[in-house]
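The lines below spell out each chain.
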Amino acid sequence: MNVLGIETSCDETAAAVVADGWKVLSNCIYSQVASHRPYGGVVPEIASRQHVEILPGILREAIGQSGLGWDDLDAFAVTRGPGLASSLLVGLSAAQSLALRQRRPLIPVNHVEAHLYSLFLPEPPAAAPPPAPPLPMLVLMVSGGHTALVRFEGLGRYRWLGQSLDDAAGEALDKGANLMGLGYPGGPAIEQAAAGGDPEAISFSRTSIRASPRTGDLDPDLCFSFSGLKTALLYLLRRQPELLGPDRLRHLAASFQEAVFNTLLHRAEQAMEKDAYASFGCVGGVLRNRRLRARIEEAARRRRLPLRMAPPSFCTDNAAMVAGLAGATGGPAPADPAAVEIRPDLRLSA
Amino acid sequence: MNLLAIELSSRVGSLAILSDATVRAECELAEEDRRSRGLFRVLPDLCDRAGIGLDDLDLLAPGRGPGSYTGLRLAMTVAQAVALPASRTVYPVDSGEALAWEIMQSRKNDVVAVIGDARRERLWLGVFEQGNDGPMMRQPWAVLHPRDVPRWVPDGALAVSSDWSLLAARPEFEALRTLRWIESDRFPRARWLGALAETRHRHGAPAAPPTPIYMHPAVTPRA
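Residues numbered from 1 in each chain as written. Chains lettered and ligands numbered in written order. Predicted model: local features only at pLDDT ≥ 70, side-chain atom pairs only at ≥ 80, totals over all residues. Heavy atoms only, no water.

Some thoughts on the overall build of chain A
Tallying secondary structure elements over chain A gives 10 helices and 10 strands in all. Against the compact-globule benchmark of 20 Å for 350 residues, chain A has a radius of gyration of 20 Å, which places it among compact chains. Taking the principal axes of the C-alpha coordinates as reference, chain A spans close to 65 × 45 × 40 Å. Across the 350 residues in chain A, those meeting the buried criterion constitute 57%. Contacts in chain A between residues at least 24 apart in sequence constitute 74% of all its contacts with a sequence separation of at least 6. (Helix = DSSP H or I, 4+ residues; strand = E, 2+ residues; numbered from the N terminus. Rg over C-alpha atoms; globule rule 2.2 N^0.38 Å. Buried < 20%, exposed > 50% of the residue type's maximum accessible area, 1.4 Å probe, protein only. Contact = heavy atoms within 4.5 Å.)

The structure is reproduced here in structure tokens:
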């Protein structure tokens, strides 16, 4: 089954063709990061304008690189949410048009579920899908828009354990980088600035979370909060602006980065203590950070859990995970493409 | 030549299929149906009525605006996606120009000023005059304070707007009373958009860029 996937939920314009749910025939991504950089974050209006301009070319490129023709496609898949409404609409209307034009089914996909599915994609070129991980798996999701812990029991069978109550980890790094004058996007900028720095030079205290209306039914021990960390950095820099000096910035960047990763790993290990898992997984754009990957590997070793991390090509937003998930599950596929609507606040359901 | 015109710039959208300059089928989209769901619900029926499938289309003509950003993005995206598999031509046309042409034909007026609500206490304006292949732009699209609009509208021009009833109810409309208005909301229609695209394409006129006309920058510069 050949599926063309489209992903426009935020600031990446992406299209990909995936065969049989795992064989990535093409994976084309246009990152809008340069356009958003002057504003220190994603500007929704810029994002949707760029999707309109870029998507047709990305779709042509995805088909061209796949070696298939339009008539060889069996279905179209698209991210319907969660994400920016005006950006989701561009991807959805393109997918609806193509499905209608080609008389093929349209498979709407949850962006978060697609990120989870990136664990099942092999780094191309690959002759076979990766072996199935032992289940249940604890998955740490760390991206620019989402930070969460999920109990993964199989495709379509998830339990949302905890999530960030304020910023996602990627946003926290963006805001920290902005305070340190390191530019955007913050994750790569901080990683670069932290090279050779001492991650324990400056101690940032971890935010404790109590049950509240914000945590709802979630276990507070498995929820995240990064806003206090950002505020601590702000006040620290007001008291000690010399920390931004050439000899000290690397220590500050390394310490702030470590504090974000400590929060992630601490909550993940709490989840491992509270319940039994057969494996540990991690997905999302922040996972491209080498220090985080090393910390995750270390935690998995310590807990003696088999580890599965999304391949680097599929960490940031991409359409291969969308097309792959649709190809693997084959649905839900409404017969009528017109019935699909965007869902900017879509949640992961079991 | 078979053509699909998609016009979603105003409160009342429309679709039309033309074949060799003849309208085969058309439909209106009310405000609540102007979203993608409504459009994709009526499109198959429109094709059935026209007897022309999406794969039979040679030309796609989306309305570029000015107008609702969401509507413009939808029209542009749908046109480009439908055109992709068979590498068909996308020939965008300014929605305001299509409205101007309809008014020129129906009211026998050679100069038409198309005006719309640009929000933020501003109006957008474009002025057209009769040309050989349709309207010719005399005053390019501009965002103006209402009090400045009359200065840019030539004597004898007929003013038309999709937002007339909304504008006329506002105090700042006083500054516009000197204009000669069509005193009702008039919406650009896909059949006129399609006719303009067909004529110009046939005469080899270059297509406008496949991007909506945005009357404001994506980010408002800080004062």
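Section: the interface of chain A and chain B
Each side of the interface is counted separately: chain A has 28 residues, and chain B has 29 residues. Of the roughly 2,600 Å² buried at the junction of chain A and chain B (both faces included), carbon and sulfur atoms supply 67%. Per-residue buried area on chain A facing chain B is highest for R49, V52 and R101 of chain A; these three make up 27% of the total on that side. Along the contact surface separating chain A from chain B lie two salt bridges. In this structure, the salt-bridge partner of R103 of chain A is D55 of chain B, at a minimum N-O distance of 3.1 Å. Of all the secondary structure elements, the ones that give two or more residues to the side of chain A that touches chain B are α2 (44-66) and α3 (85-102) of chain A. Among the elements that take part in the side of chain A that touches chain B, α3 of chain A stands out by supplying 12 residues, more than any other. In terms of residue class, the side of chain A that touches chain B is made up of 15 nonpolar, six polar and seven charged. (Buried area = accessible area lost by both parts, 1.4 Å probe. Salt bridge = Lys/Arg side-chain N within 4 Å of Asp/Glu carboxyl O. Nonpolar A, V, L, I, M, F, W, Y, C, P; charged D, E, K, R; others polar.)

A few points about the sheet that holds strand β1 (residues 2-7) of chain A
Residue and element names in this part refer to chain A. The mixed open sheet is built from five strands, whose spatial order is β3-β2-β1-β4-β5. A single partner strand is all that each edge strand has here, and the edge strands are β3 (23-31) and β5 (106-110). Within the sheet, the average angular offset between the axes of one strand and its neighbour, ignoring direction, is 20 degrees. Where strand β2 (residues 12-19) lies against β3, eight bridges are found, and the strand directions are antiparallel. (Pairing = 2+ DSSP bridges. Axes fitted to C-alpha atoms, helices over the stretch in contact; angles between N-to-C directions.)

Side note on the environment of S184 of chain B
All names here are of chain B. Here S184 shows up in the loop between β10 (180-181) and α6 (190-202). Looking at S184, the relative accessible area reads 30%, which means it is partly exposed. Note: C-alpha distance between S184 and G204 (20 residues apart in sequence) is 35 Å. Apart from residues lying up to four places away in sequence, S184 is in contact with S161 and W164.

Some thoughts on the side chain of R49 of chain A
As for its position among the elements, R49 of chain A is in helix α2. Taking relative accessible area as the criterion, R49 of chain A reaches 12% and is therefore assigned buried. R49 of chain A has contacts with Y69, R73, Y214, H216, P217 and A218 of chain B, leaving out every residue within four places of it along the chain.

A short note on α2 of chain A
Of all bends in α2 of chain A, the biggest is about 45 degrees, found at I54 of chain A, and the proline P56 of chain A comes one to four residues later. Phi turns positive, to about 80 degrees, at G67 of chain A, one or two residues after α2 of chain A. (Bend = angle between axes of the 7 residues up to and from the residue.)

Quick word on the pattern of salt bridges
By the definition in use, this model includes 30 salt bridges over all chains. With its nearest N and O atoms 2.9 Å apart, the salt bridge here joins D167 of chain A to K175 of chain A. As a salt-bridge pair, R200 of chain B and E97 of chain B come within 2.8 Å of each other at their nearest N and O atoms. With R200 of chain B in helix α6 and E97 of chain B in helix α3 (residues 95-107), this pair connects stretches of sequence that are 103 residues apart. Each of the two residues, R200 of chain B as well as E97 of chain B, counts as buried. Here the residues in one salt-bridge network are E269, E273, E298, R302 and R303 of chain A, joined through shared partners.

Details of the domain arrangement of chain A
Residues and elements named next belong to chain A. Domain parsing of chain A yields domain 1 (2-128 + 315-339) and domain 2 (137-305). A separation of 27 Å is found between the C-alpha centroids of domain 1 and domain 2. In this complex, domain 1 contributes 22 residues to the contact, which on the side of domain 2 involves 20 residues. Here domain 1 and domain 2 share an interface that buries about 1,600 Å² over both sides, 79% of which is from carbon and sulfur atoms. Broken down residue by residue, the surface that domain 1 buries against domain 2 is led by L116, L119 and C315, which jointly contribute 36%. Taken together, domain 1 and domain 2 are joined by zero salt bridges. The interface formed by domain 1 and domain 2 holds three residue pairs in polar contact (both at pLDDT 80 or more) in total. The dominant element in the side of domain 1 that touches domain 2, judged by the number of residues it contributes, is helix α4 (residues 111-117), at six residues. When the residues that make up the side of domain 1 that touches domain 2 are grouped by side-chain class, the tally is 11 nonpolar, eight polar and three charged. (Domains from an automatic or database assignment. Polar contact = N/O pair within 3.5 Å; in protein donor to acceptor, adjacent residues only side chain to side chain.)

Quick notes on helix α8 (residues 249-274) of chain A
Given a rise of 1.5 Å per residue, 26 residues ought to cover 38 Å, and the 38 Å separating the end C-alpha atoms of α8 of chain A matches this to within 8%. Among the 26 residues in α8 of chain A, 20 count as buried, and that is most of the element. (Expected span 1.5 Å × (residues − 1).)

With respect to unusual backbone geometry
Looking along the chain, the bond that leaves G81 of chain A and enters P82 of chain A is cis, with omega of -5 degrees. Positionally, P82 of chain A belongs in the loop between β4 (75-81) and α3. Backbone torsion omega between L135 of chain A and P136 of chain A reads 5 degrees, so that peptide bond is classified as cis. The residue E121 of chain B is not glycine, and still its phi comes out positive at about 60 degrees. The topology assignment puts E121 of chain B in the loop between β6 (111-117) and β7 (123-131).

Some details on the layout of surface pockets
Residues and elements named next belong to chain A. By volume, the largest pocket amounts to about 1,400 Å³. As for the largest pocket, its lining consists of 49 residues, and the residues nearest its centre are C10, S143, G144, G145 and H146. Elements with a minimum of two residues in the lining of the largest pocket: β3, α4, β7 (147-154), β8 (157-163), α5 (169-179) and α6 (186-193). Per-element tally for the lining of the largest pocket: the top contributor is α5, with five residues. Here the residues of the lining of the largest pocket sort into 18 nonpolar, 19 polar and 12 charged. A domain split of the lining of the largest pocket shows at least three residues from each of domain 1 (2-128 + 315-339) and domain 2 (137-305). Its volume calculated, the second largest pocket comes out at about 630 Å³. (1 Å grid on protein atoms, 1.4 Å probe; cavity = no way out; pocket = protein on both sides within 12 Å on 5 of 7 lines; lining within 4 Å. Points joined across faces, edges and corners; volume = space filled by probe spheres on them.)

Description of the nonpolar core
Within the largest apolar cluster, 81 residues are counted, with the highest numbers of intra-cluster contacts made by L252 and L264 of chain A. Per-element accounting of this core gives the leading share, 13 residues, to α8 of chain A. For this core, the two domains that each supply at least three residues are domain 1 (2-128 + 315-339) and domain 2 (137-305) of chain A. Apart from the residues within four sequence positions on either side, L264 of chain A is in contact with L140, V142, T147, A169, F224, F226 and L292 of chain A. Core analysis: the second largest hydrophobic core is formed by 30 residues, V93, W124, W192 and I213 of chain B among them. (Core = buried A, V, L, I, M, F, W, Y, C linked by side-chain atoms within 4.5 Å.)

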